[in-house]
Every structure is written in structure tokens, then in C-alpha cells.
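Spelled out from the first residue to the last, the chains are:
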Amino acid sequence: RCEEEDVEMTEDAYAVLTRIGLETSLRYAMQLITAASLVARKRKGTEVGVEDIKRVYSLFLDESRSTQYMREYQEAFLFNELR
């Protein structure tokens, strides 16, 4: 996917992204590539590093973290009042 998007990535970033893909989903990990590339470009970097991956991981939730968030804060959402 990095080749298709013309994204250069450090070996450590590949390792972190691989682990994320194993723990979440391949689709989620692939979507992080483009976002991490934008973060690296913003900091004027030439390749995506571990910090770029960590940054986008903190910004975009995968399915399980999103579900957990919804469970924790369900009382604050409007749809909770409909019961």
C-alpha cells in the first residue's frame, strides 16, 4: 500500500503498523498510512516514523476502541434518552 501511495516509511514504523494491523484489522492499518503520511509531511519529514503512526492512531479509533468509547460514554449521548 505504501508503494501505491508513494509513502516512505521507517522499518520501526512498519513494525508498529504491522502490530496495529494484527490487533485491529488490516483495513484500519492501511487507512492509517495515508493519514500518517500527511502528518509526516506537515512536520516536513521525508518518511513516516513511529511518532507519525502513534499520532494518527490516537486520532482515529478502530472498531473495538470506538465500541469501548460508546459504552463508557453512552449516558451522555442523546439516543440513551429514547429508552
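Residues numbered from 1 in each chain as written. Predicted model: local features only at pLDDT ≥ 70, side-chain atom pairs only at ≥ 80, totals over all residues. Heavy atoms only, no water.

Colleague: Can you tell me about the UniProt feature "domain: RuvB-like AAA-lid" (unreviewed entry) in the chain, naming the residues and giving the values?
Modeller: When the UniProt feature table is mapped to this numbering, "domain: RuvB-like AAA-lid" (unreviewed entry) covers residues 1-62. With 71% helix and 0% strand, the stretch residues 1-62 has end C-alpha atoms that lie 19 Å from each other. (UniProt positions renumbered as here; feature names shortened; annotations may be inferred. Helix = DSSP H or I, 4+ residues; strand = E, 2+ residues; numbered from the N terminus.)

Colleague: Which residues make up helix H4 (residues 50-59), and what values do they have?
Modeller: The complete set of buried residues in H4 reads Asp-52, Ile-53 and Val-56. With its buried residues spanning 100° around the axis, H4 presents them on a single face. Considering only its buried residues, H4 is in contact with helix H2 (11-23) and helix H3 (26-42). (Buried < 20%, exposed > 50% of the residue type's maximum accessible area, 1.4 Å probe, protein only. Arc of directions from axis to C-beta. Contact = heavy atoms within 4.5 Å.)

Colleague: Account for the side chain of Asp-52, naming residues and giving values.
Modeller: Along the chain, Asp-52 falls in helix H4. Among the polar contacts listed, one links the side chain of Asp-52 to the backbone nitrogen of Gly-49, at a separation of 2.8 Å. What Asp-52 contacts, discounting residues up to four positions off in sequence, is Ala-36, Val-39, Ala-40, Arg-43 and Glu-47. (Polar contact = N/O pair within 3.5 Å; in protein donor to acceptor, adjacent residues only side chain to side chain.)

Colleague: Mind laying out the packing of H2 against H3, listing which residues take part and the relevant values?
Modeller: Between H2 and H3, the least distance of the axes is 7 Å, while the angle of their chain directions is 145°. Across the interface between the two elements, Leu-17, Ile-20 and Gly-21 from H2 touch Leu-26, Tyr-28, Ala-29, Leu-32 and Ile-33 from H3. Looking at the contact of H2 with H3, its residues break down into seven nonpolar, one polar and no charged. (Axes fitted to C-alpha atoms, helices over the stretch in contact; angles between N-to-C directions. Nonpolar A, V, L, I, M, F, W, Y, C, P; charged D, E, K, R; others polar.)

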